[in-house]
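So you can see what is in the structure, the chains are spelled out below.
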Amino acid sequence: MRIGYGYDVHKLVENRKLILGGVEIPYEKGLLGHSDADVLVHAVIDAILGAAALRDIGYHFPDNDEKYRGVSSIFLLEETAKLLKNAGFEIINIDSTIVAQQPKLASYIPQMIKNMAEALGIKETQINVKGKTEEKLGFTGSGEGMKAEAVCLINEI
């Protein structure tokens, strides 16, 4: 068994959609990034890649490559699942946390889990997503941005 850790952060800006776990969430701001800037999926991708010692998201999907401009992070997660399988590993479980002061995320979490499980070809029970605030502290607490962290346990096939 091997474990990987992933982390991502993006700034909140106006005139962008807020996408988390492949779910568009109604909010006055969205996350700024080259792709759809889905911090949750990006952290999960890095956790998966890290567990398999396959470098990181920027190595496989560089932000200076135009083919990834505006791309769905769920698509990137599907591609990551292929990389993992080709390396001879399978996911045991993923645990993740989104840190955001607003909006409230609890009602969207089941769909986030479903989207990621489908993209990875695993059961929904193998993924956990939590939403946390930072009690108005730091850049997430002030609403300047969001971050996510994830761990992934894998095993050789």
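Residues numbered from 1 in each chain as written. Predicted model: local features only at pLDDT ≥ 70, side-chain atom pairs only at ≥ 80, totals over all residues. Heavy atoms only, no water.

### Comments concerning unusual backbone geometry
Operational definition: Every helix listed is a DSSP run of H or I at least four residues long, and every strand listed is a run of E at least two residues long, numbered separately from the N terminus.
With an omega of -5 degrees, the peptide bond between Q102 and P103 qualifies as cis. Counting through the fold element by element, P103 comes out in the loop between β5 (89-99) and α4 (109-120). Positive phi, normally seen in glycine, also occurs at N15, with a value near 65 degrees. Within the secondary structure, N15 sits in the loop between β1 (2-13) and β2 (18-20). The phi dihedral of A37 is positive, around 65 degrees, even though this residue is not glycine.

### Some points on the sheet that holds β1
Operational definition: Two strands qualify as a pair provided that DSSP identifies no fewer than 2 bridges between them. Contacts are assigned to residue pairs with any non-hydrogen atoms lying within 4.5 Å of each other. Axis geometry follows a simple rule: fit a line to the C-alpha atoms, using only the stretch in contact for helices, then measure angles between N-to-C directions, giving values from 0 to 180 degrees.
A sheet is described by the order of its strands in space; here five strands give the open sequence β4-β1-β7-β5-β6, paired in mixed fashion. Each edge of the open sheet is held by one strand with a lone partner, namely β4 (30-31) and β6 (127-132). Sheet analysis places β1 next to strand β7 (residues 145-156), joined by ten bridges and oriented antiparallel. Following the sheet pairing, I3 is matched in β7 by L153. In the packing of α4 onto the sheet, the strands contacted are β5 and β6, and the crossing angle to β6 comes to about 145 degrees.

### Thoughts on the layout of surface pockets
Put simply, the rule reads: A 1.4 Å probe that fits but cannot get out identifies a cavity on a 1 Å grid over protein atoms alone, an open set with protein on both sides within 12 Å along at least five of seven lines counts as a pocket, and a residue lines either if it has an atom within 4 Å of a point. Grid points are joined across faces, edges and corners, and a volume is the space filled by probe spheres set on the points. Think of it as three bins: nonpolar holds Ala, Val, Leu, Ile, Met, Phe, Trp, Tyr, Cys and Pro, charged holds Asp, Glu, Lys and Arg, and polar takes everything else, Gly as well.
By volume, the largest pocket amounts to about 240 Å³. In terms of lining, the largest pocket is formed by 15 residues, of which the most central are S35, H42, I57, F61 and D63. When residues of the lining of the largest pocket are traced back to their parent elements, those giving at least two are β1, α1 (39-51) and α2 (57-60). Per-element accounting of the lining of the largest pocket gives the leading share, three residues, to β1. Across the lining of the largest pocket, the residue classes tally to six nonpolar, six polar and three charged. Counted as a void, the second largest pocket has a volume near 170 Å³. Lining the second largest pocket we find A81, K82, L84, K85, F89, E90, I91, L120, G121, I122, Q126 and I157. For the lining of the second largest pocket, the secondary structure elements donating two or more residues are α3 (73-86) and β5. Of all the elements, α3 adds the most residues to the lining of the second largest pocket, at four residues.

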